[in-house]
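A look at the structure
Listed below, chain by chain, are the residues.
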Amino acid sequence: MAVGVRTQRARRVALGVGAALLLLVVLFVVLAQAFLPALAAKRVSARVARYGSVKSVSVSAFPAFELLWGHADSVDVSAGALEVPESEVAALLWEAHTIGTMTLSADSTTLTGIPSLAQGLTVSDLQVEKRGSAIQASATLTQRQLDQALPSGFHIEPTASGGGEVEARASGGLFGVQASITALVKPVEGRLVAEPKGFPLASLTTVTLFSDAHLKVRSI
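Let me begin by describing the structure that accompanies this report. (Residues numbered from 1 in each chain as written. Predicted model: local features only at pLDDT ≥ 70, side-chain atom pairs only at ≥ 80, totals over all residues. Heavy atoms only, no water.)

**Observations concerning unusual backbone geometry**
Residue F62 is joined to P63 through a cis peptide bond whose omega torsion reads -5 degrees. Take P63: it is sitting in the loop between β1 (52–60) and β2 (72–85). The backbone of D125 shows a phi angle near 50 degrees, a positive value even though the residue is not glycine. Following the sequence through the fold, D125 ends up in strand β4 (residues 121–131). Looking at D125, the relative accessible area reads 45%, which means it is partly exposed. Residues other than glycine seldom take positive phi values, yet E189 does so here, at roughly 55 degrees. Along the chain, E189 turns up in the loop between β8 (177–188) and β9 (191–196). Taking relative accessible area as the criterion, E189 reaches 73% and is therefore assigned exposed. (Helix = DSSP H or I, 4+ residues; strand = E, 2+ residues; numbered from the N terminus. Buried < 20%, exposed > 50% of the residue type's maximum accessible area, 1.4 Å probe, protein only.)

Following this line, the structure appears as structure tokens:
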């Protein structure tokens, strides 16, 4: 009889301990879900703030423990004016490869460190969207913004677009000689290149505008 009572007590103690542990686990999960995304959003905000002003950042992940390993379901960033070195763009996008979906919007963005563009290139209303491994980006580039970025005496004017390519006409002076050419800006084997039109063996005179081992350009 005494043995049966002790057994029942042991069972009740075990059940009580199990319930307490379960409660602690649930509480820990709830607290992690409440605080980890906010902490991750602060880290993302600090990262983006290196390049300009940040309006808002939101991060979501379930379970939130994914964030401890740099994974997230979604990240949304809204920024004001950004100034980003062109050489860091690919690395910044690669940092987001562990994020399921990401959106980034900025009122204006200036790409600096571009060869031949001392003042950089400024675009407005930048929108970047990442879904899985695919990234789409759009922005507004006015003729005035383009003219301000180019060296004095040079002029580039887009003339057509379609099929993932953009045609543009460039004109300017070199060594006192005025010249103009029409070029196609298009993706080739994952690179973004400019290929002159109307030249014999034009494919041999292409200029690579962007190339990165982690990013493949599909269309422009």
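**Observations concerning the nonpolar core**
Counting residues in hydrophobic clusters, the biggest one holds 22 residues, and the most contacted among them are V59, L67, A72, V75, L82, I99 and M102. Broken down by secondary-structure element, the contributors of at least two residues to this core are α1 (2–49), β1, β2, β3 (99–112) and β4. Ranked by residue count, the leading element in this core is β2, at 6 residues. For L82, the contacting residues outside a window of four places in its chain are V48, Y51, G52, S53, A106, S108, T109 and T110. Core analysis: the second largest hydrophobic core is formed by 6 residues, L117, L121, L146 and A149 among them. (Core = buried A, V, L, I, M, F, W, Y, C linked by side-chain atoms within 4.5 Å. Contact = heavy atoms within 4.5 Å.)

**Quick notes on the environment of S78**
Checked against the element boundaries, S78 lands in strand β2. For the pair S78 and S45, spaced 33 residues apart in sequence, the C-alpha to C-alpha distance is 9.6 Å. The residues touching S78, leaving out its near neighbours within four places in the chain, are V54, K55, S56 and S105.

**Focus on the pattern of salt bridges**
As enumerated under the stated definition, the model contains 4 salt bridges in all. The closest approach of N and O atoms between E95 and R47, which form a salt bridge, is 2.7 Å. A residue pair is termed long-range when its members are at least 10 positions apart, and E95 in helix α2 (residues 89–95) and R47 in helix α1 qualify at 48 residues. The partner of K186 in a salt bridge is E195, with the nearest N and O atoms 3.5 Å apart. Pair check on accessibility: K186 and E195 agree, each one buried. (Salt bridge = Lys/Arg side-chain N within 4 Å of Asp/Glu carboxyl O.)

**Topic: the sheet that holds β4**
If you trace the 5 strands from one edge of the open sheet to the other, you get β1-β2-β3-β4-β5, paired in mixed fashion. With partners counted over all chains shown, the strands left at the sheet margins are β1 and β5 (134–140), one partner each. Strand-to-strand twist across the sheet, computed as the mean angle between neighbouring axes with direction ignored, equals 10 degrees. In this structure, β3 lies alongside β4, joined through 10 bridges in antiparallel fashion. Bridge pairing links T110 to T122 in β4. (Pairing = 2+ DSSP bridges. Axes fitted to C-alpha atoms, helices over the stretch in contact; angles between N-to-C directions.)

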